[in-house]
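Commentary on secondary and tertiary structure
Chain residues, written in single-letter form:
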Amino acid sequence: MAPGRERGESTPITKLGMDRLLAGGILLLTIALRFVVAALYRSSRLGMQRRSTGPALGRHAPPRYDATGDEETMPDLPTGTVTFLFTDIEGSTRLLQELGEEYRQVQDDHARLLRAAIAEGGGTEIRTQGDAFFAVFPTAAGAVRAAAAAQRALASHPWTHGGPLRVRMGMHTGEGRMGGDDYLGIDVNRAARIAAAGYGGQVLLSEATRALVSDGLPAGVTLRDLGPHRLKDLPQPVRLHQLQIEGLPAEFPQLKSLETPSNLPTELTSFVGREREIEELAELLASARLVTLTGPGGSGKTRLALRVAASLVDRFTHGVFFVDLSPIMDPALVPSAVAQVLHVMENPGEPLVETLGGHLRDRELLLVLDNFEQVTQARDTPGKIVSKAPAVSILLTSRVSLKLYGEHEYRVQPLPLPDPAGDSLEALRENHSVALFADRARAADQNFAITSENAATVAEICARLDGLPLAIELAASRVKLLAPEALLERLEHRLPLLAGGARNLPERHRTLRAAIEWSHELLGGSERLLLARLSVFAGGCTLQAVETVANPDGELGIGTLDGLGALLDHSLLRQGEAGPGEPRLLLLETIREYASERLEAEEDPERTRRRHVEWVLAVVEEAEPHLMAEDQATWMDRLEREHDNVRTALRWAIDNEESEIGLRTAAAIWRFSQQRGHLSEARRWIEDLLRLPGATPSVRFRALSAAGGLAYWQMDAPGARVHYEQALRIARGTGDRRAEMEGIYNISFLSEIAGDYAATARLLEESKAIAHEIGDRQGMAQAEGSLGWLYMLTGDYDRSIEAEEAAIDAFRELGNRFQVIDALAALGQAYRLRGDHDLARARYLDTLSMLQESGSLPMTSRTLFMLAALEVAESRYEHAMRLWGAADRLQEELGGAPWPETTMKVGDPVELARAAIGEDAVDTCLSEGRAMTVDEAIAYARMDAGP
């Protein structure tokens, strides 16, 4: 239950010896070779080759050609801040096929004009291949001047083939980094990708270039902002601008950028109709930032919202994301659900909705919040997001509007109804209600079709169902059992009887309930009971869960697979995306509500609910020992899938004052909540349960320790102390020495936070002594590791290293991946502070390798900060700032600030770098680092390790 100094994940590591040094040397050589190969590959992907077969004229002097095409000697290439320009002819392959030998003249004229323009701008031609040019300019203004001159010359030249020659151009300003006699680095690749995004006759500029030339453009040239775009091989969107050259075309197709990031679920069935609604909503979202789709259950709000969102992915640079709120019943959990989808970690000490607002402040993004009607008290969440993030739009679905300022309500009407008597066969086929019925009927019976014999009957069925999409789908799924005439007859007999329903429900909602009940009554008795029992699951379930909770020991009298198959056939159950092992089974929320009502008709519904809670407990307690072990990622993912079921179980425990089972559940998952960013939610559950009477002392001890750990990770030291001290009193009162050891260990962290290192040492030694007394190797190892960290804080680096190495060996033998990586990072820090930079770097890189396997982001950010501080200490400022930028972006996404100990004995790395290499260089490097993905940052750290 101990909080630990840092919560990451790792794999085992051995002590450094001669064999490790040899292996490390081989590894470094391999990395260096991979770096060279990667650089050559990157260069080849630019599609360029040098035009000379002779030797280079100097380290920075590749062959250059004057305006006549003759080779001439050129001076050294510019370094520092330069502007790269890439160009190529659009449709050159087609022109070559059309012109044959005459294309050579076109190519020669093009090359002559390009070289003259490059020379006019003071640039240097680096290399060409065919009709593609790569040039570099010491100033951004010169590159813009050259591009404008080239486009004017190309437009006015009398081409022999009689048509225009369209050349696309792209430029970017960045670091002129040499590798041999060529330029290397991210900025070259960025310039090439910018050029590739454009069209013939178009000149594209990066934001970095625009900032340098906006106040000094050539005569007749202006700039047009094209907004941010995602480009191939570039992890972050790039804001692009277009040169508007007077007298030349200014309108071009949409840039060739990548698809917007999105988690929109795959549509399992075709989408029918709603073209007008899609168009209207797309137009509405162009001006309104908060749109709510309202309408009764089953009217198709979710499908319409998903289709609209899919049509707008190109409009939102930073993504389109879907948040399913159907399993959420507690309004307080809405921010957590949104944060989970957006991968936003909780910022300790700050409301999660504020963290979300800060995360989204500079993003252009669309959020789809589905099924909001059951959490309307959380209406402040979308309201605050749109107020803090001016480029974020939100599309909600709800049975009622939220009554928020700026909200635009859009009522989703049923599908248009056909006229069975008056419409022609063609008109009936084109009617959206009939078309939907036909589409879903063909899914059940591939031979089904709308004919002159059945068209009027199908139209009457759709009319009787009021055009409600879900009701139509349920009816259509029956065609493999009943012909349309039989379907209509059943509806005629049952709808009048069932339309009474609950008097406070809208008429269409009662009609939908009738359609669901009609499908329900086609089931056998055991299948009906199975459906009712499935309603206890939130967010879906597995086959094994159904067998345990809904049909234990086959008590329903049917095989579980057979029963589920019947529900799938009747469209009352859906199969979700398959995870590892078994597929996930899902109930539509409308059907789940109906099934929950049917559960009340069972003789003892609480028996099923209790079985569900007991199943949840078994899942989380099975997962608990794995959450810090080698296979932690697998079990974390499993708990993520069952999180809604865990929430349901905890709510049941609170409502029924079942503190024992509730506290066992909450205590078992606290490490999951801590590492996956559910801190506030988990703490609220456990503190609500702790207020209930009952529960054995041992269970309360575990729950109090978990609550203390959650408070500690929220940087709430007073709250952590309250829980930890209560836990320790219980441990001492029961005489449980292992619990006492754990309680003392936990309390030691509060002394460390307070700066009382002497008290911290006493507590850790006391915990370690008890662990030795009872033979608890885990307790001895965790105390040893924490003492190592304490020695480092007090400047005893040799002792710190000895303690951390011993802890690493112990944790490795115990299979505790979580604390191996914690001790390993501490070991690297101790080496750095002692001055052993090579050993520190090796430990940091080993840590990053382990973190990359496990995907633990908080520790990844911390380790990158540590490595950046090391590079500053060695005056490798550019490398340090790229790593710092990558870590800073990741920390920003997670929330919070860098851990103070990452820069011990260094000071402020960014300010030191600014003093050493200047503001511009630091800003450029930080920007490049922030553009890296986590994997790219780790690869960069590995490939450029050491002086």
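This one's a predicted model, so the numbers in the text were calculated from it and none came from an experiment.

Conventions we followed
Residues numbered from 1 in each chain as written. Predicted model: local features only at pLDDT ≥ 70, side-chain atom pairs only at ≥ 80, totals over all residues. Heavy atoms only, no water. Helix = DSSP H or I, 4+ residues; strand = E, 2+ residues; numbered from the N terminus. Buried < 20%, exposed > 50% of the residue type's maximum accessible area, 1.4 Å probe, protein only. Contact = heavy atoms within 4.5 Å. Areas by Shrake-Rupley, 256 points an atom, 1.4 Å probe, with all protein chains shown as cover. Phe/Tyr/Trp six-rings, centres within 6.5 Å; stacked < 30°, edge-to-face > 60°. pLDDT = per-residue confidence, 0-100. Axes fitted to C-alpha atoms, helices over the stretch in contact; angles between N-to-C directions. Parallel < 35°, antiparallel > 145°, perpendicular 65-115°, else oblique. Left-handed = near helix turned anticlockwise from the far one by under 90°. Nonpolar A, V, L, I, M, F, W, Y, C, P; charged D, E, K, R; others polar. Salt bridge = Lys/Arg side-chain N within 4 Å of Asp/Glu carboxyl O. Expected span 1.5 Å × (residues − 1). Pairing = 2+ DSSP bridges.

**Focus: the overall build of the protein**
Assigned secondary structure in the protein consists of 40 helices and 17 strands. Taking all 947 residues of the protein together, 55% fall into the buried category. The long-range share in the protein, meaning contacts at least 24 apart out of those at least 6 apart in sequence, stands at 73%. Only carbon and sulfur atoms are counted for the fraction: they give 51% of the accessible area of the protein, which is about 38,700 Å².

**A closer look at the packing of aromatic side chains**
Inspection of the entire model under this criterion finds eight aromatic pairs. Between F84 and F134 the ring centres are 6.0 Å apart and the planes differ by 45°, which places this aromatic pair in the tilted class. Highlighted residues: F84 in strand β3 (residues 80–89) and F134 in strand β5 (residues 132–137), separated in sequence by 50 residues. Residue F134 is classed as buried on the basis of its relative accessible area of 0%. Chaining the aromatic ring pairs together yields one cluster made of F84, F86, F134 and Y183.

**Quick word on the confidence of the model for the protein**
Per-residue confidence for the protein gives a mean pLDDT of 82; residues scoring 70 or more make up 86%. Counting contacts from residues 1–74, a segment whose pLDDT is below 50, to residues more than four positions away or on other chains yields 181 contacts. The model gives residues 494–510 a pLDDT under 50, and that stretch makes 21 contacts with residues more than four places away or in other chains.

**With respect to the packing of helix α25 (residues 659–668) against helix α27 (residues 679–690)**
Contact pair α25 / α27: the axes reach a minimum separation of 9 Å and the direction vectors enclose 155°. Relative to α27, α25 is oriented roughly antiparallel. Pair α25 / α27 crosses with left-handed handedness. Facing α25, whose interface residues are S659, G662, L663, A666 and A667, α27 presents I686, L689 and L690. Here the residues of the contact of α25 with α27 sort into six nonpolar, two polar and no charged.

**Description of the side chain of T457**
Of note, T457 is situated in helix α14 (residues 455–464). Every residue in contact with T457, bar those within four places of it in the chain, is listed here: P484, E485 and L488.

**What to know about the pattern of salt bridges**
Scanning the model with the defined rule gives 55 salt bridges in all. A salt bridge links E280 to R276, with the nearest nitrogen and oxygen atoms 3.2 Å apart. In this pair, E280 and R276 are both assigned in helix α7 (residues 275–285), four residues apart and thus about one turn of the helix distant. Sharing partners across several salt bridges, the network here consists of R533, E555, E602, R607 and R611.

**What to know about α27**
With twelve residues, α27 should reach 16 Å at 1.5 Å per residue; the first-to-last C-alpha distance of 16 Å fits that figure. Of all twelve residues in α27, nine are buried; the element is thus mostly enclosed. Of the positions making up α27, those classed as buried are L679, E681, A682, R683, W685, I686, E687, L689 and L690. The secondary structure elements touched by the buried residues of α27 are α9 (334–342), α24 (643–655), α25, α26 (670–676), α28 (697–713) and α29 (717–734).

**A short note on the environment of L543**
Within the fold, L543 resides in helix α19 (residues 543–549). Using a relative accessible area of 19% as the deciding quantity, one classes L543 as buried. Remark: the alpha-carbon pair of L543 and L585, spanning 42 residues in sequence, is separated by 7.6 Å.

**A closer look at the sheet that holds strand β13 (residues 365–370)**
Taken in spatial order, the five strands make up an open sheet running β12-β13-β14-β11-β15, and their pairing is parallel. Pairing within the sheet leaves two strands with one partner each, and these edge strands are β12 (320–324) and β15 (408–411). Looking at each pair of strands side by side, their axes are set apart by 20° on average, direction ignored. The sheet contact formed by strand β11 (residues 290–294) and strand β14 (residues 392–398) spans five bridges and is parallel. The partner of V291 across the bridge, within β14, is L395. Contacts between helix α8 (residues 301–311) and the sheet are confined to β11, β12, β13 and β14, with β14 contributing the most and set at about 160° to the helix.

**Details of the side chain of T863**
On the secondary structure map, T863 appears in helix α36 (residues 857–873). With residues up to four places along the chain from it excluded, the contact list for T863 reads Y844, T847, L848 and L851.

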